[in-house]
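# Breakdown of the fold
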Amino acid sequence: MMYQGGSLKVLKLECSFQNNAWGKLGSESMVVRLVKSADDSFNIDENEHYAELWMGTHPTCPSVCYYNGERKESLEHWLRLNPSAFGSEMDQHSDGQLPFLMKVLSIRNTLAIQIHPDKVSAQKLHQERPDIYKDPNHKPEMAIALTPFKAMCGFRPIKEVAKFTKIKPFRRLIGSNNAMKLSKVSQTDDHVLHNQAMKDCFTALMNQDKHLVQNQIGILLKTIQDKELSGQNVQYYIPDIINKINTEYPGDVGIFAIYFLNIVDLQPGEAIFIDANIPHAYIYGDCLECMACSHNVIRAGLTFKYRDVNTFCNTVNYTGRSAEDMKLQSNQIQLEIGISETKFQPHVPDFAVSVIKILSGNKTVHLTAIDSASICLVYTGEGQASSSSLTEPIKLKTGIVFFIAACHTVSVDVQSNDMTIFRACYNTSETFSKVASAF
């Protein structure tokens, strides 16, 4: 039997996780630490990979609602029966699907070099290859570091790439003529020529003969080893990442992508936003990820899945930007002494995330009513959530996830020395002007 729970506006959620082979092992994983904290009965297998915790309505891992402590129905089904919970700007989502999905990722092995198509391209790809591109939606995404986090993201400025063409194996794979052309145009201010030169070099690399790639990787590794033995500085070659990726994907052409793409290092609380057609590959670390509710991914390297290299090379944005430019700037508001709200708002309407931090205990924080459904993750701390629609408070602790219907306020009583809550919602200036207050 399904329960509408129509009078409820705040729902505790049970969220699923996935054991992908790229995830961190055992209790090293932030994902499983959150799962274990929320459910004391859960037993961690130290030999198992815990990669992703999903929070939302995506059919791959749909969240389930609890009413009065009992597991009842999927959040998607509840939203179908209670469409007003979306908010006025999301009424079109009457199928029960939230436009955003929130995840926690714990990454041990580098993820695929990939891009996400824009809406027009996504619709075309879905129409042509629905077996691979399973929906017509775009998939912008944002990653907020929970631990020190490393990623490849966006093409480097062309002058940086030109310097790497001095590395002989890299130059051999992109072609000497392409390398010379890139070096020449890098001295100009013509961005059209920049992008064409980058495209020519990158396309040549990604379509290079597999055996030649493997041969040149061997030469590169031998070069690094010989220079290390002779006491030379080899950091120019980015050896740590080269060795890591080659261990994970031996002989993969994507190893050389590090000479095209920025290496972005994030400290906890820093974020990157991945817009349509921006190349990226997460290398290591734990992050909270928020994205449009889609799974459209065009992969080109560092993967055992299908590679659509031609589509990737013809779609990717070749504009060069610095690693620092790839970071998403946040806006922090001090609500009162010891209580802050940090807002991450990309330019897309699909999602935004607010991080509410309480640094002193015995405080009450109000998650204010906004014109959007929202999902909250208790990242640290203990307390309880209460609202006018609840007959009894929801007990909160690290790992607990709860849903708030649009236009509804929730009071959080903090019963620990500190608490951190991530709140994801639809992104408009009206709905996201202020998601927390303290009195």
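Keep in mind that what you see is a predicted model, and the values were worked out from it rather than measured.

Turning our eyes to something else, we now look at the UniProt feature "binding site: Zn(2+)" (unreviewed entry) in the protein. Those residues carrying the UniProt feature "binding site: Zn(2+)" (unreviewed entry) are Gln-114, His-116, Glu-141 and His-280 in this numbering. What stands out for the annotated residues spanning 167 residues is how close their C-alpha atoms remain, the widest pair being 12.3 Å apart. Topologically, Gln-114 is positioned in strand β9 (residues 113-115). The buried category is assigned to Gln-114, whose relative accessible area is 12%. For Gln-114, the contacting residues outside a window of four places in its chain are Ile-278, Pro-279, His-280, Val-297, Ile-298, Arg-299 and Phe-312. Within the structure, the side chain of Gln-114 is placed 3.2 Å from the backbone oxygen of Ala-112, a separation counted as a polar contact. Looking at the element boundaries, His-280 is found in strand β14 (residues 280-292). If near-sequence neighbours (up to four positions away) are discounted, His-280 is found in contact with Ala-112, Ile-113, Gln-114, Ile-115, His-116, Glu-141, Met-152, Cys-153 and Ile-274. In terms of polar contacts, His-280 uses its side chain to reach the side chain of His-116, at 3.3 Å.

This part covers unusual backbone geometry. Of note, Ile-238 is a non-glycine position whose phi angle comes to about 55°, a positive value. Along the polypeptide, Ile-238 turns up in the loop between α8 (210-229) and α9 (239-248). Among the residues examined, Ile-238 registers a relative accessible area of 15% and is labelled buried. The phi dihedral of Cys-407 is positive, around 60°, even though this residue is not glycine. Relative to the helices and strands, Cys-407 resides in the loop between β23 (401-404) and β24 (410-414). When its relative accessible area of 54% is taken as the criterion, Cys-407 is described as exposed.

Our focus in this paragraph is the pairing of strand β1 (residues 10-14). Bridging between β1 and β23 involves 4 bridges; their strand directions are antiparallel. Across the sheet, the residue bridging to Lys-12 is Phe-402, located in β23. In the sheet, β1 pairs with strand β6 (residues 64-67) via 3 bridges, with the strands oriented antiparallel. Each bridged residue has a counterpart across the sheet, and for Glu-14 the counterpart in β6 is Val-64.

This part is about the pattern of salt bridges. Per the counting criterion, the structure on display carries 16 salt bridges. The shortest N-O distance in the salt bridge between Asp-226 and Lys-222 comes to 2.9 Å. In this pair, Asp-226 and Lys-222 are both assigned in helix α8, 4 residues apart and thus about one turn of the helix distant. In this structure, the salt-bridge partner of Glu-270 is Lys-327, at a minimum N-O distance of 3.4 Å. In this pair, Glu-270 is assigned in the loop between β12 (261-266) and β13 (271-274) and Lys-327 in the loop between α10 (309-315) and β16 (331-336), connecting sequence segments 57 residues apart.

Bringing the sheet that holds strand β7 (residues 70-74) into the picture now. Here we have 9 strands laid out as an open sheet, ordered β7-β6-β1-β23-β20-β25-β18-β17-β16, and antiparallel in their pairing. Of all strands in the sheet, those bounded by a partner on one side alone are β7 and β16. Going from strand to strand, the sheet's axes swing by 30° on average, the running direction of each strand aside. Where β16 meets strand β17 (residues 339-344), 5 bridges bridge the pair, whose relative direction is antiparallel. By the bridge assignment, Asn-331 is partnered in β17 with Lys-343.

What follows covers the nonpolar core. Core analysis: the biggest nonpolar cluster contains 69 residues, and Leu-75, Val-104, Ile-375 and Phe-403 have the highest contact counts within it. Once you skip the residues sitting within four places of it in the chain, Phe-403 turns out to touch Lys-9, Val-10, Leu-11, Leu-13, Leu-75, Trp-78, Leu-79, Ala-85, Ala-373, Ser-374 and Ile-375. Counting residues in each nonpolar core, the second largest holds 54 residues, with Ala-162, Leu-212, Tyr-237 and Val-309 among its members.

A separate point is the state of the cysteines. Under the criterion given, the structure shown has 0 disulfides. Sulfur of Cys-376: no disulfide; nearest cysteine sulfur belongs to Cys-425 and is 8.9 Å away.

Rules used throughout
Residues numbered from 1 in each chain as written. Predicted model: local features only at pLDDT ≥ 70, side-chain atom pairs only at ≥ 80, totals over all residues. Heavy atoms only, no water. UniProt positions renumbered as here; feature names shortened; annotations may be inferred. Helix = DSSP H or I, 4+ residues; strand = E, 2+ residues; numbered from the N terminus. Buried < 20%, exposed > 50% of the residue type's maximum accessible area, 1.4 Å probe, protein only. Contact = heavy atoms within 4.5 Å. Polar contact = N/O pair within 3.5 Å; in protein donor to acceptor, adjacent residues only side chain to side chain. Pairing = 2+ DSSP bridges. Salt bridge = Lys/Arg side-chain N within 4 Å of Asp/Glu carboxyl O. Axes fitted to C-alpha atoms, helices over the stretch in contact; angles between N-to-C directions. Core = buried A, V, L, I, M, F, W, Y, C linked by side-chain atoms within 4.5 Å. Disulfide = S-S within 2.5 Å.

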